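Structural overview for review
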Amino acid sequence: MYDWKDAGRISVLLFVSSLILIPLAATVLGGFKTSGELRVSPFGIPDQWHMEFYGEIFADANFWRYLWNSLLISLLTVFLTVFMGAMAAYAFAQVRFFGSEFLFSYMLLGLMFPFAAAIMPLFLTVRDLGLLDTPWGVVLPQVAFGLAFSIMFFRTFFSQMPEELFEAARVDGCGYIKFFFLFTLPLSTPILATIATFVFVQSWNNYLLPLIMLNDRAGYTWTLGAMDYRGEYTAEWNRTLAFVSATLAPAVVFFLAAQKYIVAGLTGGAVKG
Amino acid sequence: MVTTTDYATQATLKPNVFRRMWTDGQLKMLLIFLPPALLVFTVFVILPMLQAGFFAPYKWSGYGPAPWVLNEDTGREFGRWVGSQNFERMWGHSAFQQAFENTLLVIAVSLLIQLPIALFLALLIYQNSRINTIFRLVFFLPYIMAEVATGLIFSFVLDGNYGLSKWFSDLMGYETAFFPLAEKPWAFYSILAVIVWKYFGFHMMIYIAGLQSISKELIEAARIDGATATQRAFFIQIPLLWPAITISIFYSVLGGLQVFDLVMPMTAGGPSNSSHTLVSYLYNFGFVRLNVGFGSAVGVFLFAVGVVFALVYRNTVQRGQ
């Protein structure tokens with residue numbers, strides 16, 4: 001059943017896996033080592049498991065505040081991107097009105113250029129609106145840039161829904177808005193979850209926008225916090241590694257829980273194009 | 001959509017379009033559902049991009065509402081008109097040339113090294129089995145990790161006093177440790193390697209989805225006719241995968257244009273500005289120095305590259321998809 005071809009295939013796969021897993025394992029284990037041991041054996045199992053570096057991080061109120069700030073920003077971003085994107089996509093899918101194609105293409109402009117291109121005026125806009133150092137200063141630009149993607153996906157999905165459903169509901173006197181909340185949204189849970197997952201991961205990992213919009217340490221996201229921590233303990237890699245591991249844990253758990261939706265999102269993009 | 005389209009076409013033929021849309025509830029829905037998205041998108045994406053175009057010919061620190069507004073206190077405008085000077089300075093700046101070259105290098109490495117690796121691995125594990133699922137998850141893991149975390153991990157791995165490069169130096173018996181992130185060409189090569197490490201899984205997933213949608217009968221028929229796995233890959237699977245490949249090329253190029261988060265933890269653009277990308281260059285020489293006009297000029301360049309690529313690509317390679 002297994003021949004040398006399979007053996008070759010599996011060894012290639014194991015080799016690539018090791019390239020991915022060894023740095024990650026070294027990171028998690030590194031947090032349990034002293035700085036001195038880390039120099040001698042960067043990738044090995046620690047001789048003695050030092051809990052104090054992780055302990056200090058978990059006892060640090062700043063760490064939890066960074067996580068909370070990231071979570072808050074990500075949740076707000078997800079909610080607004082999904083909700084506003086779904087509403088606009090519903091309008092585009094349900095009614096073809098004068099200029100609708102134009103407006104749709106206008107929204108899709110957001111997919112055509114790197115968002116960092118407008119970062120300087122964006123900073124000034126957020127400043128003039130008084131949103132610097134608030135979660136909204138990060139949330140609203142993130143929503144704006146996520147909308148194109150979410151509208152594109154939602155419109156495709158909505159226009160594939162059976163029309164009979166809408167007709168039947170119309171006959172029973174259900175209006176456009178009511179139909180959206182009663183039928184369209186509940187029936188779109190899979191695509192909602194997929195878009196929400198992608199937006200969440202992007203927001204959670206974002207560095208450039210928080211870096212520009214947040215100056216006050218109290219409002220830092222965890223990515224800013226991690227860079228700060230690295231700057232503070234330049235000579236002690238074990239502490240930085242512990243910090244990174246502590247922040248990777250929730251991401252990995254989330255990934256394992258949401259992988260179905262992530263894969264669905266990629267499939268949708270690949271099939272429809 | 002037959003019903004609603006019919007409504008619309010009928011409506012355009014009659015004079016009382018709006019009245020009909022109103023009684024129908026359509027207009028009300030449009031007026032409630034569209035403006036929020038349009039407003040946020042316009043204020044935070046389109047207007048800033050337009051402003052970048054207007055700010056680019058000024059020297060301005062960002063103080064005041066706009067560079068052309070008169071400052072009552074000094075009797076002069078907040079900014080100073082410099083014409084095309086910002087663009088000329090950018091073009092002549094060796095750090096910018098390096099950053100542009102680096103960005104092109106990112107795109108080249110993504111297309112020529114990363115995508116083939118992703119395709120090869122996708123062909124190895126696209127069939128559904130438990131062990132393949134595990135490999136898929138492992139290969140996809142780097143993609144969901146934050147760039148900052150990835151960058152920090154690899155600056156440890158590549159730190160001459162600690163990780164892989166110390167191990168390598170010891171092995172080769174070097175007197176002094178080798179710090180790839182502090183050596184001129186190696187700093188950016190390291191970033192390139194990490195980019196491949198982080199993003200190949202994303203492209204692999206796109207290919208897996210594409211490969212799974214190819215009919216099994218076709219592959220089986222080819223196999224019975226005596227086509228080897230390599231032949232099946234090159235003559236059936238890869239040609240049929242072309243739509244998926246065009247998408248992943250598009251993502252690679254647009255993604256390559258915005259590399260930033262990885263650069264900051266790994267090298268922050270150093271040593272001596274040799275490892276900047278266009279975005280980290282913009283951040284350093286525009287944002288950090290509060291040079292709004294100059295940063296806007298770099299932004300306009302970045303925008304132009306992105307849009308020209310997207311338009312050309314959509315109308316040539318992706319035409320008809």
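Remember, it's a predicted structure, so these values are computed and weren't measured experimentally. (Residues numbered from 1 in each chain as written. Chains lettered and ligands numbered in written order. Predicted model: local features only at pLDDT ≥ 70, side-chain atom pairs only at ≥ 80, totals over all residues.)

On to the overall build of chain A. For chain A, the count of helices and strands is 13 helices and 0 strands. Along chain A, helices and strands appear, N-terminal first, in the series α-α-α-α-α-α-α-α-α-α-α-α-α. What you see for chain A is a C-alpha radius of gyration of 23 Å, clearly larger than the 19 Å of a compact globule of 273 residues, by over 25%. When the backbone C-alpha atoms are referred to their principal axes, chain A occupies close to 75 × 65 × 35 Å. Counting every position in chain A, which comprises 273 residues, the buried fraction comes to 47%. (Helix = DSSP H or I, 4+ residues; strand = E, 2+ residues; numbered from the N terminus. Rg over C-alpha atoms; globule rule 2.2 N^0.38 Å. Buried ≥ 20, exposed ≤ 12 C-beta atoms within 10 Å, placed from the backbone.)

As a further point, take the overall build of chain B. Summing up its helical and strand segments, chain B has 15 helices and 4 strands in all. On C-alpha atoms alone, chain B measures out to a radius of gyration of 26 Å, which is more than a quarter above the 20 Å that the 2.2 N^0.38 rule sets for 321 residues. Based on the C-alpha atoms only, the size of chain B along its principal axes is roughly 70 × 65 × 30 Å. The proportion of buried residues among the 321 residues of chain B is 42%. Intrachain contacts of chain B at a sequence separation of at least 6 include 63% that bridge at least 24 residues. (Contact = placed C-beta atoms within 7 Å.)

Before going further, it helps to spend a moment on the interface of chain A and chain B. Across the contact, 75 residues belong to chain A and 82 residues belong to chain B. It is helix α13 (residues 237-272) of chain A that contributes the most residues to the side of chain A that touches chain B, 15 residues altogether. Looking at the side of chain A that touches chain B, its residues break down into 53 nonpolar, 16 polar and 6 charged. (Nonpolar A, V, L, I, M, F, W, Y, C, P; charged D, E, K, R; others polar.)

As for its position among the elements, A:E163 is in helix α8 (residues 163-171). Considering only alpha carbons, one finds A:E163 and A:Q94, 69 residues apart in sequence, at a separation of 9.9 Å.

Taking 1.5 Å per residue as the helical rise, helix α10 (residues 189-205) of chain A with its 17 residues ought to reach 24 Å, and the 24 Å between its terminal C-alpha atoms agrees with that figure. All of the buried residues in α10(A) are A:I191, A:L192, A:T194, A:I195, A:A196, A:T197, A:F198, A:V199, A:V201, A:S203, A:W204 and A:N205. (Expected span 1.5 Å × (residues − 1).)

Below, the discussion takes up helix α7 (residues 147-157) of chain B. Counting buried positions over the 11 residues of α7(B) gives 11, a clear majority of the element. For α7(B), the full list of buried residues reads B:E147, B:V148, B:A149, B:T150, B:G151, B:L152, B:I153, B:F154, B:S155, B:F156 and B:V157.

Our focus in this paragraph is unusual backbone geometry. Residue and element names in this part refer to chain B. Here the bond from G270 into P271 is cis, since omega is -10°, no more than 30 degrees from zero. By the secondary structure assignment, P271 is in the loop between α13 (263-266) and α14 (278-287). The backbone of N273 sits at a positive phi, close to 60°, despite the residue not being glycine. Secondary-structure assignment places N273 in the loop between α13 and α14. According to the C-beta neighbour criterion, N273 is partly exposed, with 18 such atoms within 10 Å. At L290, a residue that is not glycine, the phi angle is positive and equals roughly 50°. Take L290: it is sitting in the loop between α14 and α15 (292-315).

Let us look at the confidence of the model for chain B. Residues and elements named next belong to chain B. Confidence along chain B averages 88 in pLDDT terms, with 93% of residues attaining 70 or more. Looking across chain B, the model is least confident in helix α1 (residues 2-13), with a mean pLDDT of 48, and most confident in helix α5 (residues 94-125), with 96. Every residue in residues 1-5 scores below 50 in pLDDT, and together they form 10 contacts with partners more than four places removed in sequence or on other chains. At the level of chain-chain contacts, confidence expressed as ipTM amounts to 0.91, with global pTM at 0.89. (pLDDT = per-residue confidence, 0-100.)

This next bit is on the packing of helix α6 (residues 119-128) of chain A against α15(B). Remark: α6(A) packs on α15(B), axes separated minimally by 8 Å, with the N-to-C direction vectors making an angle of 130°. Considered as vectors, α6(A) and α15(B) are oriented oblique to each other. Where α6(A) approaches α15(B), its residues A:I119, A:M120 and A:P121 are matched on the opposing element by B:V292, B:G295, B:S296 and B:G299. Grouping the amino acids of the contact of α6(A) with α15(B) by side-chain chemistry returns 4 nonpolar, 3 polar and no charged. (Axes fitted to C-alpha atoms, helices over the stretch in contact; angles between N-to-C directions. Parallel < 35°, antiparallel > 145°, perpendicular 65-115°, else oblique.)

With that settled, the discussion passes to the environment of A:R155. Residue and element names in this part refer to chain A. In this fold, R155 is placed in helix α7 (residues 135-159). Residues R155 and A93, 62 residues apart in the sequence, show an inter-C-alpha distance of 5.6 Å. Once residues within four sequence positions are removed from consideration, R155 is found in contact with A89, F92 and A93.

This part is about the environment of A:S17. Note on placement: A:S17 falls in helix α1 (residues 4-30). Considered as a pair, A:S17 and A:T27 are 10 residues apart in the sequence and their alpha carbons are 16 Å apart. Discounting chain neighbours no more than four positions away, the residues touching A:S17 are B:F135 and B:V138.

It is worth spelling out the packing of α14(B) against α15(B) at this point. Working note: a packed helix pair is described by the angle between its axes plus the distance between those axes. Residues and elements named next belong to chain B. Relative to each other, α14 and α15 sit at 160°, their axes nearing to 8 Å. When the axes of α14 and α15 are compared, the pair comes out roughly antiparallel. Of the two elements, α14 crosses α15, and the hand of that crossing is left-handed. Along its contact with α14, which presents L278, Y281, L282, F285, G286 and F287, the element α15 presents F294, G295, V298, G299 and L302. Of the residues belonging to the contact of α14 with α15, the class tally is 8 nonpolar, 3 polar and no charged. (Left-handed = near helix turned anticlockwise from the far one by under 90°.)

Turning next to the confidence of the model for chain A. Residue and element names in this part refer to chain A. Per-residue confidence for chain A gives a mean pLDDT of 88, with 96% of residues at or over 70. Per-element mean pLDDT across chain A ranges from 78 in α13 up to 96 in helix α11 (residues 208-213). Considering only residues more than four positions removed or in separate chains, one finds that residues 269-273, a stretch of pLDDT under 50, has 13 contacts.

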